[in-house]
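Each chain, letter by letter, is given below.
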Amino acid sequence: MPVLPGAEPYRHEGGEVGVLLCHGFTGSPQSMRPWAEYLAERGLSVSVPLLPGHGTRWQDMRITTWHDWYAEVDRALRELRERCSTVFVFGLSMGGALALRLAARHGDAVRGLVLVNPGNKVHGVAAHALPVVRHLVPTTKGVANDIAKEGVTEVGYDRVPLHAAYSLRQFFRTVDGELPQVTQPLVLLHSPQDHVVPPADSARILSRVSSTDVREVLLEQSYHVATLDHDAERIFDESLAFVERLVPDRVGGKGSRSGG
């Protein structure tokens, strides 16, 4: 299936400091593209992979699992490490959980994390019925496009495949068990008004990671997809300041944009 317009993966060859950006469940690199371009313009190497089953149609996602999604960001991290001396991982929603697992498993290969409205649990009574219901009902209402800013649209699915939702539930449980292994510096930005991931998920993550260098930022003007919302520039600026603090004198200069 062809990739939806705007959902293409993005890559920029910049300096020796690299950033891997992980998009969310049923979303696409489009939600991360402005962030990625902001970092690329400031000289960083950037990679935004398209997760398997995403960016085309929900039917393609139905046959994928969290193992496929994690394998893609793991591959992208290893590739970025081959050309960069220092690599950071940033993530939105489920992408935040993917980033946390990369940090837990790769240790010092990940210099730091920036998470935006990271997911930690599939909530609601329906979550407990997923093991059975996924065999009876193919999809439920989508979770994409939770944005406060008028005129902005997220490229994502309008339906959630329940087989994929069940796998997401398993993935969150796996990552939750690995959170104490996360020791890297961490910036966690979350929206008090989030209609997809409740603030409890961010609180749970902050309470379980072993990181000692932690900054929490509230995104008061944005909903879930804050990277495309009113607080987007704040996210971008906070993340760059974080990178510059941890690797001073190695970030800067203008880079040209590139896609694909």
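Everything below is about the structure printed above this text.
What you are looking at is a predicted structure, and each value in this text was computed from that prediction instead of being measured.

In terms of helices and strands, the protein carries 8 helices and 9 strands. For the protein, the C-alpha radius of gyration of 17 Å lies close to 18 Å, the compact-globule estimate for 260 residues. If you line up the protein on its principal axes, its C-alpha atoms span 55 × 40 × 35 Å. Expressed as a percentage of its 260 residues, the buried residues of the protein come to 55%. At a minimum sequence separation of 6, the contacts of the protein that also span at least 24 residues come to 78%. Counting only carbon and sulfur atoms, one obtains 49% of the accessible surface of the protein, whose full area is about 10,800 Å². Here the protein contributes 27 positive and 30 negative side-chain charges, whose respective centroids are spaced 6 Å apart.

The subject of this paragraph is the environment of Leu100. Structurally, the position occupied by Leu100 is in helix α4 (residues 94-106). Taking C-alpha positions, Leu100 is 10.0 Å from Gly112, a pair spaced 12 residues apart along the chain. With residues near it in sequence (within four places) discarded, Leu100 still touches Leu113, Leu115, Val175, Leu179, Val182, Ile205 and Val209.

Over its 13 residues, α4 runs 18 Å from end to end, which matches the ideal 18 Å to within 8%, given 1.5 Å per residue. For α4, the tally of buried residues reaches 12 of 13 residues, placing the bulk of the element in the interior. Contacts from the buried residues of α4 go to β2 (17-22), α3 (66-83), β4 (86-92), β5 (113-116), α6 (162-178) and α7 (199-208). Following α4 by one or two positions, Gly107 has its phi on the positive side, about 55 degrees.

On to the environment of His67, then. By the element assignment, His67 lies in helix α3. Residues His67 and Cys22 lie 45 residues apart in sequence; the distance between their C-alpha atoms is 15 Å. Reaching out from His67, the side chain makes a polar contact with the side chain of Trp66 at a distance of 3.5 Å.

A separate point is the side chain of His54. Turning to its location among the elements, His54 is positioned in the loop between β3 (45-48) and α2 (58-61). For His54, the side chain forms a polar contact with the main-chain oxygen of Pro52, separated by 3.0 Å. Each residue touching His54, except ones within four places of it in the same chain, is listed here: His23, Gly24, Phe25, Thr26, Gly27, Met61, Trp69, Met94 and Tyr157.

A word on the layout of surface pockets. Any space left empty among the atoms is revealed by the rolling of a water-sized probe across them. Considered as a void within the structure, the largest pocket measures approximately 680 Å³ in volume. For the largest pocket, the lining is made up of 32 residues, of which Val122, His123, Val143, Leu168 and Val196 are closest to its centre. Secondary structure elements with two or more residues in the lining of the largest pocket: α5 (125-133), β6 (139-141) and α6. In terms of residue count, the dominant contributor to the lining of the largest pocket is α5 (5 residues). Of the residues assigned to the lining of the largest pocket, the class counts are 20 nonpolar, 8 polar and 4 charged.

Attention now moves to the sheet that holds strand β8 (residues 186-190). Ordered by their spatial adjacency, 7 strands build an open sheet running β1-β3-β2-β4-β5-β8-β9, and the pairing between neighbours is mixed. Two strands lie at the open edges of the sheet, namely β1 (10-12) and β9 (214-218), each paired on one side alone. Neighbouring strand axes in the sheet, compared pairwise and without regard to direction, differ in orientation by 15 degrees on average. The strands touched by α3 within the sheet are β1, β2, β3 and β4, with β2 carrying the most contacts at an inclination of about 170 degrees. Against the sheet, α4 engages β2, β4 and β5, with an angle of about 150 degrees to β4.

The next thing to look at is the nonpolar core. One finds Leu20, Phe25, Trp69, Val89, Leu100 and Leu113 to be the most contacted residues of the largest nonpolar core, which totals 43 residues. Where this core is concerned, the elements lending two or more residues are β2, α3, β4, α4, β5, α6 and β8. Excluding residues that lie within four positions of it along the chain, Phe25 makes contacts with His54, Met61, Trp69, Met94, Val143, Val160, Ala164, Ala165 and Leu168. Membership of the second largest hydrophobic core comes to 35 residues, among which are Leu21, Phe88, Val217 and Phe236.

Here is what the cut-offs are and how they apply
- Residues numbered from 1 in each chain as written.
- Predicted model: local features only at pLDDT ≥ 70, side-chain atom pairs only at ≥ 80, totals over all residues.
- Heavy atoms only, no water.
- Helix = DSSP H or I, 4+ residues; strand = E, 2+ residues; numbered from the N terminus.
- Rg over C-alpha atoms; globule rule 2.2 N^0.38 Å.
- Buried < 20%, exposed > 50% of the residue type's maximum accessible area, 1.4 Å probe, protein only.
- Contact = heavy atoms within 4.5 Å.
- Areas by Shrake-Rupley, 256 points an atom, 1.4 Å probe, with all protein chains shown as cover.
- Lys, Arg positive; Asp, Glu negative; His and termini not counted.
- Charge placed at Lys NZ, Arg CZ, Asp CG, Glu CD.
- Expected span 1.5 Å × (residues − 1).
- Polar contact = N/O pair within 3.5 Å; in protein donor to acceptor, adjacent residues only side chain to side chain.
- 1 Å grid on protein atoms, 1.4 Å probe; cavity = no way out; pocket = protein on both sides within 12 Å on 5 of 7 lines; lining within 4 Å.
- Points joined across faces, edges and corners; volume = space filled by probe spheres on them.
- Nonpolar A, V, L, I, M, F, W, Y, C, P; charged D, E, K, R; others polar.
- Pairing = 2+ DSSP bridges.
- Axes fitted to C-alpha atoms, helices over the stretch in contact; angles between N-to-C directions.
- Core = buried A, V, L, I, M, F, W, Y, C linked by side-chain atoms within 4.5 Å.

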